[in-house]
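# Residue-level structural notes
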Amino acid sequence: MTQRGRATRSTGPTGKPRRADGPRGGDRVGSPRGDLAARRARLRAVIEPVVNEAGYDLEDVTVSPAGRRHVVRVIVDADGGISLDAVADVSRAVSAALDAAEEAGGDILAGEYQLEVSSPGVDRPLTLPRHWRRNVGRLVKVTARGGLPGQRADQPAEQPAGDRQVTGRVVEADDERVVLETDSGRAEFRHAELGPGRVQVEFSRLDEVGDDELGDNEDIDDIDDEDDVEDEER
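Residues numbered from 1 in each chain as written. Predicted model: local features only at pLDDT ≥ 70, side-chain atom pairs only at ≥ 80, totals over all residues. Heavy atoms only, no water.

## Description of the overall build of the protein
Helix and strand counts for the protein come out as four helices and ten strands. Order of helices (α) and strands (β) in the protein, N terminus to C terminus: β-β-α-β-β-α-β-α-β-β-β-β-β-α. For the protein, with 234 residues in total, the buried portion stands at 38%. Sequence separation of at least 24 residues holds for 67% of the intrachain contacts in the protein that already meet a minimum separation of 6. When the accessible surface of the protein is totalled, it reaches about 13200 Å², and 45% of it is carbon and sulfur. (Helix = DSSP H or I, 4+ residues; strand = E, 2+ residues; numbered from the N terminus. Buried < 20%, exposed > 50% of the residue type's maximum accessible area, 1.4 Å probe, protein only. Contact = heavy atoms within 4.5 Å. Areas by Shrake-Rupley, 256 points an atom, 1.4 Å probe, with all protein chains shown as cover.)

What follows is the structure, given as structure tokens:
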């Protein structure tokens, strides 16, 4: 099983947190939540074109206070996943774009901040058609509005009133629909009929992981070990 989103890369000179000119007005740490939302919108406007130009999708940008600084977390993904090398490349490109925006006088994010770029973990909800498409073959749990519409004609079922929790394997997914293989048979849903899906971790399928995927996990462990050594040296 491929595990993604375990490693993050910090950017900035020598990997240290980066500084702008300092806090300005309502942009101070501890400002109301509305200011964080405004900063997030400004960051997304700078970051999204860079990520898209690199051939990836920007899944999320979050800004959270951490003591006297902010942590900017950027989640990127692509069909087939994104490698650690690609994460590092995107991280450098995003860092350079933020530097350029600040040098041009843009009020992006005042004060000290740390940038982290990663791929989505399996705990991130499936909310968009591309999320479902990228998880074909995985077992998911989702709330289906109205139960199990579109079930095969040879396995009729009464339409239950209200919503129902459905667990099934994604066998097909496109921009219009999702097909799940459930214990009751194959069921088809329009995206509007589904709430956020959650990928279910299947430990019994670890034996199916290929050598390449195991190699990725070893790289991730190496990164974590190196970070632990650096922390101990500090």
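## Let's talk about the pairing of strand 4 (residues 69–77)
The side chains of a regular strand alternate between the sheet's two faces. Burial analysis of strand 4 places seven of its nine residues in the buried class, the great majority of the element. Taken together, the nine bridges between strand 3 (residues 57–66) and strand 4 define a ladder with antiparallel strand orientation. From the neighbouring strand, A66 faces strand 4, where its bridge partner is R69. Counting the residues between successive antiparallel strands, the hairpin from strand 3 to strand 4 contains two residues, one of them, G67, with a positive phi of roughly 70°. In this sheet, strand 5 (residues 112–118) lies alongside strand 4 in parallel orientation, the contact comprising six bridges. Within strand 5, the position partnered with V72 by the bridge is L115. (Pairing = 2+ DSSP bridges.)

## Considerations on the sheet that holds strand 10 (residues 198–199)
Strand pairing in a sheet is mediated by backbone hydrogen bonds. Such pairs are either parallel or antiparallel. Across the sheet, which stays open at both edges, the five strands sit in the order 9-8-7-6-10 with antiparallel pairing between neighbours. The sheet is open, and its two borders are formed by strand 9 (185–190) and strand 10, each paired with just one other strand. Here strand 6 (residues 139–145) pairs with strand 10 via two bridges, running antiparallel. Bridging from a neighbouring strand, K141 pairs with R198 of strand 10.

## Focus: the environment of V166
Tracing the backbone through its elements, the reader meets V166 in strand 7 (residues 163–173). Classification of V166 as buried rests on a relative accessible area of 4%.

## Description of the pattern of salt bridges
Applying the stated rule across the entire model yields 18 salt bridges. Between D57 and R134 there is a salt bridge, and its shortest N-O distance comes to 2.3 Å. Note that D57 is positioned in strand 3 and R134 in the loop between helix 3 (129–133) and strand 6, a separation of 77 residues in sequence. A salt bridge links E116 to R73; the nearest nitrogen and oxygen atoms lie 3.3 Å apart. One end of the pair, E116, is in strand 5; the other, R73, is in strand 4, with 43 residues separating them in the sequence. Overlapping salt bridges bring together D57, E59, D77, D79, R130, R133 and R134 as one network. (Salt bridge = Lys/Arg side-chain N within 4 Å of Asp/Glu carboxyl O.)

## Things to note about helix 2 (residues 84–103)
A rise of 1.5 Å per residue sets the reference length of helix 2, with its 20 residues, at 28 Å; its end C-alpha atoms lie 29 Å apart and thus fit the reference within 8%. The complete set of buried residues in helix 2 reads L84, A86, V87, A88, V90, S91, V94, S95, A97, L98 and A101. Downstream of helix 2 by a residue or two, G105 has a phi angle that is positive, lying close to 95°. (Expected span 1.5 Å × (residues − 1).)

## A few points about the nonpolar core
Residues L43, I47, V72, V74, V76, V94 and L98 are the most contacted members of the largest nonpolar core, which totals 25 residues. Those elements that place two or more of their residues in this core are helix 1 (33–53), strand 3, strand 4, helix 2 and strand 5. At seven residues, helix 2 tops the list of elements feeding residues into this core. With near-sequence residues (within four places) excluded, V94 lies in contact with I47, V50, V51 and L115. (Core = buried A, V, L, I, M, F, W, Y, C linked by side-chain atoms within 4.5 Å.)

## Digging into the side chain of H191
When you line up the elements, H191 lands in the loop between strand 9 and strand 10. Judged by its relative accessible area of 18%, H191 falls in the buried class. A polar contact of 2.8 Å, which involves the side chain of H191, links it to the backbone oxygen of D174. Residue contacts for H191: discarding those within four places in its chain leaves P129, W132, D174, D175, E176, R177 and V178. (Polar contact = N/O pair within 3.5 Å; in protein donor to acceptor, adjacent residues only side chain to side chain.)

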